[in-house]
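Residues per chain are reported as follows:
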Amino acid sequence: MGQALSLPFRLANTTLSFYGGLFHYLLGAGRTSPYKLDGDSTFPYFRPSPSDTEEDAMFKQNARIHLFQLASNFYLYNKPHYRKGTYREDLIDNLRNVAIPGTGLPLSMFVRDRLTALGFLMTAYPAVSLVASVHKWIKTKFESSISKEFATRLCAPDDWFNYWRMNCVAVGFQSLMNDMPKGYEMENKWTFLDEGAKLGVPISPFLKTPGIVVKHRNEEGGMGIYFYKNATDGGDWIIQERIENSEWVQSCLPPNAPLSTFRVITQSRASIDLAKEPQEGDVTALSCVFRAGRANAETDHSSILFDIDPKTGVLGGGTTNDHWYKLGLYRTLPGGCTWRSHHDYTHHPDGNVPVTGKTVPDIKGMLHLVEDAHMKMCPDVPLCGWDVVLSTDKKVPVCLLEVNQSCNFFRGRFDKKQYLNFMDELFAKVQAQRLTADAEKKKFKVKVA
């Protein structure tokens, strides 16, 4: 009874800490002072204590980082972005097909101006966190703690969406403070392939013919004919032969599955202080996920996401994040959208193909390949998501399709302490650079298309 009576007070205390922490970094002392770590931190909420358990300490660290990155969105909002005119444009583009499960509303609706975004964080975000906490309590037959889950969802979320957004803020902030380092050019698919080939990185092969003509076999009168100028000749199109899944990859897939890739996330400590030369060991692979494409899909964007142990290469359970991409108000109706998903697939659902427990061939070689690529191509970029292919091509049995620098983990597991420590150091550096830019009254120029 006592727990039930105290629940509203615990929820209110967490909400007030969330508001206080957000405004500390948005408008308070945290905006105009250095971002200090651990015991030196001036962050007045979720302060570390010698009596903290490992779980408590990580929660507090995650909360500090999460609240800093939320507040940083407002600073970056109208400033230049490495792949768009402004951070706002990139934010809207990225969230236009994403909805909190069960709402059906694209999140881009709430970030079109800063006032609306702040209102969403102050009202809808705590409300959704509370609903999710009660939902879990019901689903676990009243065994989970509503107050603990609420604190996690609101202040230190550990879901793929919030890690993705944290990564986006990290690269957006770091690129802005360092005047768009050269490594960010690798986001362009043609630049990535061209530079990769020059640097000896095993990228997916491309044709060097100046262009191609594609004709429909039955059209006449000049119709059904298309001309494509190759990027190698100054055109807009990358022309490649189709890549086929390797025999091992195909053994994990149903018939008619698309090319199915491995998403590997790497982090680069060399990106924290660009005045220093990159050192061996600066780049580390954090996670690996197998995107097992669905039958008859054109790409593996429709897939089951099987987590991979980076140390052993053994595939764990599979899951999806499709429920985050369900748009339309009918998704609010019962059965309209799954609210949660778990790593409970052991077989590919299209054909009941066994996957969990299999071992990726030479996982160490794959991870070394992407770490080497990050070091060669973009050590000045904090985080990269690499799309790796195991193919039937004997010349390049393992190759890279592209790199994504505002990357997400695709629900892969990773060493969270290592990741959070990296984020702490990176944010400490960019905050110092921001304070210098403030003092110098630096003007950031938005690129005009």
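Not measured: the values here are computed from a predicted model.

Chemist: What is the right way to look at the nonpolar core in this model?
Modeler: Where a protein is soluble and globular, its nonpolar side chains tend to be buried together. Within the largest apolar cluster, 64 residues are counted, with the highest numbers of intra-cluster contacts made by F18, F161, L383, Y419, M423 and F427. Those elements that provide at least two residues to this core are α1 (2-26), α3 (54-76), α4 (87-95), α5 (114-139), α6 (146-155), α7 (160-177) and α11 (416-440). Per element, the largest residue contribution to this core is 11 residues, and it comes from α7. If we skip the residues at most four places from it in the chain, F161 touches L95, V98, L107 and W324. Core analysis: the next-biggest nonpolar cluster, separate from the first, contains 41 residues, V171, F206, A373 and L390 among them.

Chemist: What is the right way to look at the side chain of N245 in this model?
Modeler: Looking at the secondary structure, you find N245 in the loop between β2 (225-229) and α9 (247-250). Residue N245 is classed as buried on the basis of its relative accessible area, which comes to 8%. A distance of 2.9 Å separates the side chain of N245 from the backbone nitrogen of S260, its partner in a polar contact.

Chemist: Looking at this structure, I do not really get the pattern of salt bridges. What am I missing?
Modeler: Pairs can form between side chains of opposite charge whenever their charged atoms are close. Applying the stated criterion across every chain yields a total of 24 salt bridges. For R263, the salt bridge is made with D387, and the minimal N-O distance between the two is 3.0 Å. Within this pair, whereas R263 is found in strand β3 (residues 262-268), its partner D387 is found in strand β9 (residues 383-390), the two being separated by 124 residues in sequence. Comparing R263 with D387 shows no difference in burial state: the two are buried. Residue D387 pairs with R291 through a salt bridge whose shortest N-O separation is 3.1 Å. Here the residue D387 occupies a position in strand β9, and R291 occupies one in strand β4 (residues 283-293), the gap between them amounting to 96 residues.

How each quantity is defined
Residues numbered from 1 in each chain as written. Predicted model: local features only at pLDDT ≥ 70, side-chain atom pairs only at ≥ 80, totals over all residues. Heavy atoms only, no water. Core = buried A, V, L, I, M, F, W, Y, C linked by side-chain atoms within 4.5 Å. Buried < 20%, exposed > 50% of the residue type's maximum accessible area, 1.4 Å probe, protein only. Helix = DSSP H or I, 4+ residues; strand = E, 2+ residues; numbered from the N terminus. Contact = heavy atoms within 4.5 Å. Polar contact = N/O pair within 3.5 Å; in protein donor to acceptor, adjacent residues only side chain to side chain. Salt bridge = Lys/Arg side-chain N within 4 Å of Asp/Glu carboxyl O.

Read these as layout, nothing more, since geometry by itself doesn't imply function.
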